[in-house]
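# Understanding the architecture of this molecule
Given next are the chains, with one letter for each unit.
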Amino acid sequence: MNVLIFIIAGLLVHCVFLASIFDIYFTSPLVHGMTPQHTPLSPPAKRLVLFVADGLRADTLYELDDDGSSRAPYLRNIIEYEGSWGVSHTRVPTESRPGHVALIAGFYEDVSAVAKGWKENPVEFDSVFNESKYTWSWGSPDILPMFAKGASGDHIYTYCYPAEKEDFGSQDASKLDTWVFDHVKNFFHAARSNQTLFSKVNEEKVVLFLHLLGIDTNGHAHRPNSREYKDNIRKVDEGIKEVVSMLEDFYGNDGKTAFVLTSDHGMTDWGSHGAGHPSETLTPLIAWGAGVNYPQKVISQFFEDKFLKEWKLGNWKRLDVNQADIAPLMASLIGVPFPLNSVGILPLDYLNNSAHFKAESMFTNAVQILEQFKVKMTQKKETTFPFLFTHFKLLSDTEERNILRKARSYIHQEKYNEAVSLCKTLINLALEGLSYYHTYDRLFLSISVVMGFVGWTSYVILLIIKTHTNLTRNIQDNKASSVLLLYGFAAFGILIAFFLLIQTCPWTYYIYCLLPVPVWYAVAKEFRVIQDLMALLLAFPLVQSIGFLIVGALGIEILVFSFFFRSTLTLGLIAFAGWPLIARLWAQAKVTTLSWTLLCLLLAMFPLMPVVGREPNISLVTAAGFLSLLISSSSLAFLCKIKNKYLPKKDLAIHLFQMLSIALSTYVVNSTHSSLHHKQGLPVINQIISWTTLASSLFVPLLSPTFFFQRLLSILLSLMSNYLLLSTGYEALFPLVLSGLMFAWIYMEKEALQRYGDAPKPKLAILNFSYSIDITQFRQLHLDDIRRSFFFVFFIVTAFFGTGNIASVNSFDPASIYCFLTVFNPFVMGGLLVWKIVIPFVLVSCAFEAVQVTTQLSSKSLFLIVLVISDIMALHFFFLVKDYGSWLDIGTSISHYVLVMVFTIFIMLLNGLAQLLTAKRIELWGRTKRHSM
């Protein structure tokens, strides 16, 4: 197969495998076509005020200061004398968008929708705001527009401050909250003199939404245990007190205003969020005013988190809810229909109303969720053959009608508790049914994807054996049997397509189900190769075959386990350190072997260290900068020595420029963090230097000579200046140690190849990337090349998890991008984080390119082995994906599969980038005269 066609086919196949996980696990839970449901009785409140303190942790709000006083005295007073309180449990991902959607729309947004944007709605959904008569909202431009866009009518009004105000380096992020409070006061002051506005705000079913971002911003910039974060809570407490007082005065203390305070997510001690740590998933919920229960005194209560004693709130009943339950609570208080897609269950303990009202509200809640179940079931029924369709057995049409009839009968008989209990049972059954039909096609799609996976991996293995080994005979194919095979697979494909067409399946199903057909056709065409391979395996000693399989399986398991336990990488590196002894390379290259062993052991320390970002240490970044300068100075002296004290001026200028970049990067990191510490913002000159360094990082190495040592050193120095700017602690040392090990690996592979007598003994110093491509010198693969490919995959995974940069979503420390920007911009920040992650990948890939040249192998042959190893890992993670257990477990299992699939696709692209970085040279000043070393 042509190399280009194979690469395109490989990319397409892996993109399909990656996309399949979204159709299997990440499809939108939303259905449309339901009828709005609302409680027939009069609501207790005319208006609702929702305060969302973005990034506020439950423990930080509820706990007392060291002197025993509350940092939120007004809210503490409400808990003890006026309202109800508890903890709202959020789901992964603990980010702003899904948190607000759960709060206001009552459902947990699928991850694919979260990834599509912050300000635009990738799916249309109903919300409490949409069902209100009028909603006025104040706050962040990242949150408010998502609930206004797509709303029916023009009844949702948003007032946002400029995005530039969301600056992590600002003097006082609490000004964001002050802006909201001031604008709310000005709005109601204006309403007194504007008759139209006055009549609108006095309507029923009105919502006022105050989004308070200051706490989140201060948490990212200074961490939740900082004085700034806690002071911001005090200011929010004071602001809420003033707004409540102002509203009560405006409405003449009519007792028709309900208030709810909560948060979209919490925050880790190191100032991040996104994963499932309790500090991220436990958020406060305080409700008071019209229709809300007064404080309930209790003698004792038990919760697993054991916070009550610490918070000194053990005598006030704590009412915990799931985050989506807040939407039906708010809808019930002001009498608007429950959001159509809400899966929240109305928390009755928060309501101060008659038993009749509670029963009717719960009945409405049950009917609203049941409507979704019925629409979902109908949709699935319409796209499945009647004889293949399997109903959700726990909730048949008859059972559903009986429960509703019985619940309505209980309400008429004033048996309200029985009615509530029956409605809760119906809700739980309907939610189970929703999940059942939502995952109805999961097994069918999974089998199709696995068939494609296994077929593709089998084909790549056969391709390796056929084109890169001497294990098979070159036998001409029988044309008649080939044509028969083609017709057979084509007929099978048509049959599958016809089956999908009759069931009106989505177009993506055709791809997943038809992909295995051409893949397995390609495998079947290599029948002769399979025969030769089987004969060879049968002739191979059984003990050796079993030993090889055990070693291979153990290697794959180490890679898989490293995704769960970073310390597994340490064990692998320690084992690598002993490789020269097993391969008997110690005697012929003592210095190289000693360097390899020491660097393996040194790199093995990194996975044992805490995840990067939790404890910033700029002095370690500075040390890494000085060490980089020392290495570059030593390298310059070495280059002058081997070139007989002569180095071309152009090469010298490039090297000195890279040294200057490293020195500037070290200075910028220290200057930036000092400036931000003193709340003076990000200096413009630092920002210019940072972006200039980033822009030049992939260009400057192309100006350097393509000799092995010089080009690899140039790549390291150029990328190191970038990495320093993106570092906050010990991880700045990681690329230096990793690169040292990569240099040792190149030398070790040369020694290993010479031991087997497969190559002459050229000096690596005279090898040139641009002159190394000679097809006539390429050799065939042998077993040792599997080890080389495994080393590459292992080093890539080590680069991935070595410092824990993305071992978890919440490992990201915003401080790592402060040299580039401090104003909140999720896409630019995400891009910089990805680049930080990619840098160690590039270093490993360039080293692997050097290994391929050194060992006289075509890049295609080793790359195919890498592809097989990574695909086996991906298939392993596909089987580990689960949809049960905690949301953290589910999210982790899915993210691991996505990561390893992206990793497989990324390796294909990275291989091309490494070839470009190592073999290409840009001549800016005319051709340089070459001098032999």
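Scroll up a little and you will see the structure.
Remember, it's a predicted structure, so these values are computed and weren't measured experimentally.

Definitions and limits used
- Residues numbered from 1 in each chain as written.
- Predicted model: local features only at pLDDT ≥ 70, side-chain atom pairs only at ≥ 80, totals over all residues.
- Heavy atoms only, no water.
- Axes fitted to C-alpha atoms, helices over the stretch in contact; angles between N-to-C directions.
- Helix = DSSP H or I, 4+ residues; strand = E, 2+ residues; numbered from the N terminus.
- Parallel < 35°, antiparallel > 145°, perpendicular 65-115°, else oblique.
- Contact = heavy atoms within 4.5 Å.
- Buried < 20%, exposed > 50% of the residue type's maximum accessible area, 1.4 Å probe, protein only.
- Pairing = 2+ DSSP bridges.
- Phe/Tyr/Trp six-rings, centres within 6.5 Å; stacked < 30°, edge-to-face > 60°.
- Salt bridge = Lys/Arg side-chain N within 4 Å of Asp/Glu carboxyl O.
- Core = buried A, V, L, I, M, F, W, Y, C linked by side-chain atoms within 4.5 Å.
- Nonpolar A, V, L, I, M, F, W, Y, C, P; charged D, E, K, R; others polar.

## So, the packing of helix α30 (residues 708-725) against helix α33 (residues 826-854)
- For the pair α30 and α33, interaxial distance at closest approach is 10 Å and the crossing angle is 175°. Classified by the interaxial angle, the pair formed by α30 and α33 is roughly antiparallel. Of the residues in α33, those in contact with Phe708, Leu712, Ile715, Leu716, Leu719, Asn722 and Tyr723 of α30 are Trp835, Lys836, Ile839, Pro840, Val842, Leu843, Cys846, Ala850, Val853 and Thr854.

## Points about helix α3 (residues 73-81)
- Inspection of α3 places Tyr74, Leu75, Arg76, Ile78 and Ile79 among the buried residues, and these make up the whole buried set.
- Buried residues belonging to α3 abut α2 (58-62), β2 (84-89), α11 (227-250), β6 (257-262), β7 (282-289) and α13 (308-311).

## With respect to the environment of Pro347
- Note on placement: Pro347 falls in the loop between α14 (326-334) and α15 (355-382).
- Distance from Pro347 to Ile326, taken between C-alpha atoms, is 7.9 Å for residues 21 residues apart in sequence.
- Beyond its immediate chain neighbours, meaning those up to four positions away, Pro347 contacts Val321, Asp325 and Leu329.

## Concerning the pairing of β7
- In terms of burial, β7 is a largely internal element, 7 of the 8 residues being buried.
- Bridge analysis of β2 against β7 gives 6 bridges, and the strand direction is antiparallel. By the bridge assignment for β7, Ser88 is matched with Thr283.
- Pairing of β6 with β7, which is carried by 5 bridges, proceeds in the antiparallel orientation. Among the inter-strand pairings, Phe259 is bridged to a residue of β7, identified as Trp288.

## A few points about the sheet that holds β7
- With mixed pairing, the 8 strands of this open sheet are ordered in space as β4-β3-β5-β1-β6-β7-β2-β8. This sheet does not close on itself; its edge strands, each paired only once, are β4 (156-160) and β8 (321-322).
- With 5 bridges connecting them, strand β3 (residues 134-139) and strand β5 (residues 206-212) associate as parallel partners. The residue of β5 that forms the bridge with Thr135 is Val207.

## Quick look at the packing of aromatic side chains
- Counted under the stated rule, the structure contains 61 aromatic pairs.
- Ring plane angle 15° and centroid distance 5.3 Å describe the contact between Phe259 and Trp288, whose orientation is recorded as stacked. One end of the pair, Phe259, is in strand β6; the other, Trp288, is in strand β7, with 29 residues separating them in the sequence. Comparing Phe259 with Trp288, the two get one shared label, buried.

## Notes on the pattern of salt bridges
- As enumerated under the stated definition, the model contains 26 salt bridges in all.
- Asp65 is the partner of Arg71 in a salt bridge, and the nearest nitrogen-oxygen pair spans 2.6 Å.
- According to the relative accessible area criterion, Asp65 is buried, its value standing at 16%.
- A salt bridge links Glu749 to Arg787; the nearest nitrogen and oxygen atoms lie 2.8 Å apart.

## Looking at the nonpolar core
- By size, the foremost hydrophobic cluster in this structure holds 150 residues, and its most contacted members are Trp596, Trp745 and Phe795.
- Per-element tally for this core: the top contributor is α33, with 17 residues.
- In contact with Trp596, other than residues within four places in its own chain, are Phe576, Ala577, Trp579, Pro580, Leu741, Ala744, Trp745, Met748, Phe791 and Phe795.
- Ranked by size, the runner-up nonpolar core spans 71 residues in total, among them Val292, Phe338, Met377 and Phe389.

## Some points on the packing of helix α10 (residues 214-222) against α11
- In the contact formed by α10 and α11, the axes pass within 8 Å of each other and the chain directions differ by 170°. Accordingly, the angle class assigned to the pair α10 and α11 is roughly antiparallel. Counting all contacts with α10, which are made through Gly214, Ile215, Asn218, Gly219 and His222, the residues of α11 involved are Glu228, Tyr229, Asn232, Ile233 and Val236.
- Tallied by class, the residues present in the contact of α10 with α11 amount to 4 nonpolar, 5 polar and 1 charged.

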